[in-house]
Amino acid sequence: MAIDLELFPSTNPNPVLSVTNDCTVLYSNKAGETLLHEWGVAVGEKLPSYIEGVVKNVVSLNKPEKIKVETGKGVYLVGFYPVPEEKRVNIYGFDISDWREFEEKLPESEAGEVANLDLTDIIDVPAIQALMDNFYRLVHIPVGLIDLKGNILAGVAWQDICTKFHRINPETCKNCVESDIKLSVGVPPGKFKLYMCKNNMWDVATPVMVGGKHVANIFSGQFFFEDEPVDYELFRSQARKYGFNEEEYIAAFEKVPRLSKESVNKKMAFFVKLASILSQLSYSNFKLSQSLAKSDILVDKLEKNRADFDRAQAVGNIGSWRLDVRKNELTWSDENHHIFGVQKGIPLTYETFLSKVHPDDREYVDRKWKIGLEGEPYDIEHRIIVDGKIKWVREKAYIEFDKDGMVTGGFGITQDITERKKAEEALKRAHDSLEAKVKERTSELEKAYESLMEEERRLSEAQKLSHIGNWDWNLATDEMYWSDEMCRIFGCVPQKLFHTYRELLNFTHPEDRSYVDNSIKSALTGKSFSIDHRIISVDGEERIVHAQGKVVFDETESPIRLRGTIQDITDRKKAEEKIRILADAVESSNDAIVTEYFDGTITSWNKTAEHIYGYSAEEILGKNVSILEPDNLKGEIKKIIEKVKHGEKVHHYRTLRLKKDGTMTNVSITYSPVFDASGKLIAISAIARDITEQINAERLLVKAEEARKKEIHHRIKNNLQVISSLLDLQAEKFRSRKYAKDVEVLNAFKESQDRVMSIALIHKELHEGKRTDTLNFSAYLERLVENLFQTYRVGNVNTSLNIELEENIFFDMDVAVPLGIIINELVSNSLKYAFLGRDNGKIQIKLRKENSVKHADKEQGRTKENYNVTDFTLIVSDNGTGISEEFNIEDSSSLGLQLVEVLVDQLGGKIELKRGSGTEFVIRFKVPVQN
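So, here's what we can say about the structure. (Residues numbered from 1 in each chain as written. Predicted model: local features only at pLDDT ≥ 70, side-chain atom pairs only at ≥ 80, totals over all residues. Heavy atoms only, no water.)

### Considering the pattern of salt bridges
A side chain of one charge can pair with a side chain of the opposite charge if their charged atoms are brought near each other.
Here's step 1: Applying the stated rule across the entire model yields 40 salt bridges.
Here's step 2: Between Lys-198 and Glu-178 there is a salt bridge whose closest N-O contact spans 2.7 Å. Of this pair, Lys-198 sits in the loop between strand E8 (193-196) and strand E9 (202-210) while Glu-178 sits in helix H7 (residues 170-182), placing them 20 residues apart in sequence.
Here's step 3: According to the relative accessible area criterion, Glu-178 is buried, its value standing at 18%.
Here's step 4: Taken together, the shared-partner salt bridges connect Glu-233, Arg-236, Arg-240 and Glu-246 into one network. (Salt bridge = Lys/Arg side-chain N within 4 Å of Asp/Glu carboxyl O. Helix = DSSP H or I, 4+ residues; strand = E, 2+ residues; numbered from the N terminus. Buried < 20%, exposed > 50% of the residue type's maximum accessible area, 1.4 Å probe, protein only.)

### Observations concerning the environment of Gly-837
Here's step 1: Counting through the fold element by element, Gly-837 comes out in the loop between helix H27 (813-834) and strand E31 (842-859).
Here's step 2: In sequence terms Gly-837 and Thr-881 are 44 residues apart; their C-alpha atoms lie 9.7 Å from each other.

### Some remarks on the sheet that holds strand E14 (residues 378-386)
Here's step 1: Taken together, five strands build an open sheet; the order of strands is E13-E12-E16-E15-E14 and the sheet is antiparallel. With one partner strand each, in any of the chains shown, strand E13 (329-332) and E14 form the two edges of the open sheet. For this sheet, the mean inter-axis angle between neighbouring strands, taken without regard to orientation, is 25°.
Here's step 2: Across seven bridges, the pairing between strand E12 (residues 318-324) and strand E16 (residues 407-416) is antiparallel. Bridge pairing in E16 links Asp-324 to Gly-409.
Here's step 3: Helix H15 (residues 418-441) rests against E14, strand E15 (389-401) and E16 of the sheet, and its axis sits at about 125° to E15. (Pairing = 2+ DSSP bridges. Axes fitted to C-alpha atoms, helices over the stretch in contact; angles between N-to-C directions. Contact = heavy atoms within 4.5 Å.)

### Thoughts on helix H8 (residues 232-242)
Here's step 1: Within H8, burial applies to Phe-235, Gln-238, Ala-239 and Tyr-242. The arc enclosing the buried residues of H8, seen along the axis, measures out at 100°, which places them on a common side.
Here's step 2: Looking at the packing, one finds that the buried side of H8 touches helix H6 (160-166), H7, strand E10 (213-225) and helix H9 (246-255).
Here's step 3: Between a side-chain oxygen at the N-terminus of H8 and the backbone nitrogen of Glu-233 the separation is 3.3 Å; the capping residue is Asp-231.
Here's step 4: Positioned one or two residues after H8, Gly-243 has a phi angle of 80°, which is positive. (Arc of directions from axis to C-beta. Polar contact = N/O pair within 3.5 Å; in protein donor to acceptor, adjacent residues only side chain to side chain.)

### Here we look at H15
Here's step 1: In a regular helix each residue adds 1.5 Å, so 24 residues correspond to 34 Å; H15 covers 35 Å between its end C-alpha atoms and thus fits that length.
Here's step 2: Among the residues making up H15, those that are buried are Thr-418, Lys-421, His-431, Leu-434 and Val-438. (Expected span 1.5 Å × (residues − 1).)

### Description of empty space enclosed by the protein
Here's step 1: Per the stated rule, a full pass over the model turns up eight cavities of 30 Å³ or more.
Here's step 2: Its boundaries defined by the atoms lining it, the largest cavity holds a volume of some 150 Å³.
Here's step 3: Every residue lining the largest cavity is counted, 19 residues in all, and those nearest its centre are Trp-158, Arg-167, Asp-180, Asp-203 and Gln-222.
Here's step 4: Mapped onto the lining of the largest cavity, the elements with two or more residues apiece are strand E6 (143-147), H6, H7 and E10.
Here's step 5: By residue number, the principal contributor to the lining of the largest cavity is E10, which donates four residues. (1 Å grid on protein atoms, 1.4 Å probe; cavity = no way out; pocket = protein on both sides within 12 Å on 5 of 7 lines; lining within 4 Å. Points joined across faces, edges and corners; volume = space filled by probe spheres on them.)

### Describing the pairing of E12
Here's step 1: With five of seven residues buried, E12 is to be regarded as a mostly interior element.
Here's step 2: Bridging between E12 and E13 involves four bridges; their strand directions are antiparallel. Among the inter-strand pairings, Asp-324 is bridged to a residue of E13, identified as Glu-329.
Here's step 3: Here E12 folds back onto E13, and the loop between the two strands holds four residues, one of which, Asn-328, carries a positive phi near 55°.

### Details of the pairing of strand E2 (residues 25-28)
Here's step 1: In terms of strand pairing, strand E1 (residues 16-20) meets E2 through three bridges, oriented antiparallel. Residue pairing in the sheet places Val-19 in a bridge with Val-25 of E2.
Here's step 2: Hairpin connection between E1 and E2: a loop of four residues separates the two successive antiparallel strands, and Cys-23 in this loop has a positive phi of roughly 75°.

The values reported here are purely geometric and, on their own, carry no functional implication.
Below, the structure is given as structure tokens:
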């Protein structure tokens, strides 16, 4: 038989019962057990005679009645309402223990109600816990929600030094609670307070207000400031004072994060906003709870007729309905008509109802109703269309059967939950906004974030297919049931149905055993627990699990059972650690790390980027990266992005960027692609380094080096010219002497002068060509030979010169100087000796490259240095009188030819003398050029 009094949930704080006309109790919610206990009966039994008389009177008169019932827990106004078509009576009880006081002080009582309020009644603690878990997973900031009695309602990632030491020891735990309660008082709404807890670590708190009353705090801690000295001796003394293992305690102390004041201010700005949202939602829930309480009182207080019930439905936005399946007739209460926007008096059918359902939800609602007719529970949420607007409703139905078990119809409720859905959507938007901000601040950008999201998606899908292990501990028998999945988590094969609590502790990591045991035992006082700890499986593997549980009490409020779940979260913890390490690395990088979409929109911006460019993350995120381009470089970044999109590598690209203050800065940027988990290119990463000082230093160094080398070449040239002048003066001295008939000495000075001028000419070419390391040998050679011809022109008027050179042959000083002297010696010899007594002499000089090969110096099988080696051939020839067959260059007494042989050997080359119609010297040498 359907029970229509389940219009109100079984968790209704007021008694709800139903009895047959012969006074047999059919149904009672939890609160109704108080009346049954007072009357000495249970469900299925008959009411006592003095109550039976009231029921029979209500049935015979078909008229409701009320009585006052005093119990050990309070005074109730109990109403009896006949339901003749069902042959039963519904009983509703309302606690009126403080009715008069409520009537007199209703407007002024709100503050008192808030003061006595249990915060868990108006705050969705699991939802807040989930929000904190998700927030910590992304940004790794510990947080907790604690009421003014020191009760921890929600929290995540508290430091080991707190959870494993301070909260375990009675004395230090007392310090923690006193710090949470006393040191956090007096903080105005919208502000936060920084204070040193009594265990000597920093905490930050911001208040949660409900109706102007301070009811809880959002805490974040524990930490030290990065610029404050850390007193190790203080914490060692604490370890000794409270009996902690000093080594483990100091290890936990060293894990306490060091934060900057700026990061503390930023994260507390978020927590202040979160506290404001909680305050608003909590106050709304409180007002709603208060409104519902007033509605319940009004239902009791007003007339005993159907209008009261309709009014209560209107206040609670709950309508009722009944469907006769055989006749397809649908009956709605006034509130149901209001919810669906259908005027009263219009014939209603199941199809009428279905037509009001949102088209996208219609198939789902119809399918659930048909399944409900087969016995499945019908309790769904869906959308409806009313006056062109979308509403959300909750539908709950109870199917009715005739005596033959055939479905006759259904009775149910419709609750307008549109406002609740809007609140959920607002909270979701706030949560999504938070995720977006965290996403923007993760530095390896979209790739790491999308990878994490993909892993979470896969984990979520895996959780749907997998089982979370559960256990059930009978405190009286010490028997503990373990599910198969729980056994598999611990690595043991399911062999027996029951285990013991001691077996559970044996699997717990020795260092966590006391913590787990204390958490479970504290649950026996009525507190549920939700903790993370380590286990050692049968095969010796260390795993991390999330454990939670709640105690079950009997009617005397004594604990009889403890139930809980175990979930393996090892992989998730490892992923969180990777993300934390990655985020830390990006934030601490000395380079500016920026992520931008293909259209140039900036999506992430680390601390160094703020320092280099002058923009804070709040100022720059969402703007186009072209804001950093100088006017003369507009469009440069767009071109680079296109290159990266097409697979080109852009490393250490030097350019100018415009800072916030309008000044320019030199940067070296490496652009890289960012891919999502599927390998799709989604963004561009730009890692920039400020090289302004480096470039300035390079410019100064280049200028200094150029000035130094020019000065050296200038001085060398001048010095060589001085040497040449001295030799010339010396020659003049010999020339003025009477006995200087033999020109041998003069020739010696003249030859030396030629050689010095050859070297001086090299430095002159280097200086005039503004090169400091290599010489255009082709141009130098033409000038050298021109000087020689001018020097030895006398007697060689008809001598001609033919030069065949490759253009732009460059040699360094080690090659140019000896090669210049070699040519000086050979050409001057031809001019002096080859054409004596002859006309129409001809001198030819050829210099060409032969080929290039790769060489490698190898040491122990590994390449040490790589060189490109070019073979060159120099040919100096004349058509003069030639050299006799007896002449051997190795045994020559000529100083000039001896000098040539020495210089060829210095170049690592070989010289060959050819005799024919004149003289030809062929010199082959190699010029190595290091890569």
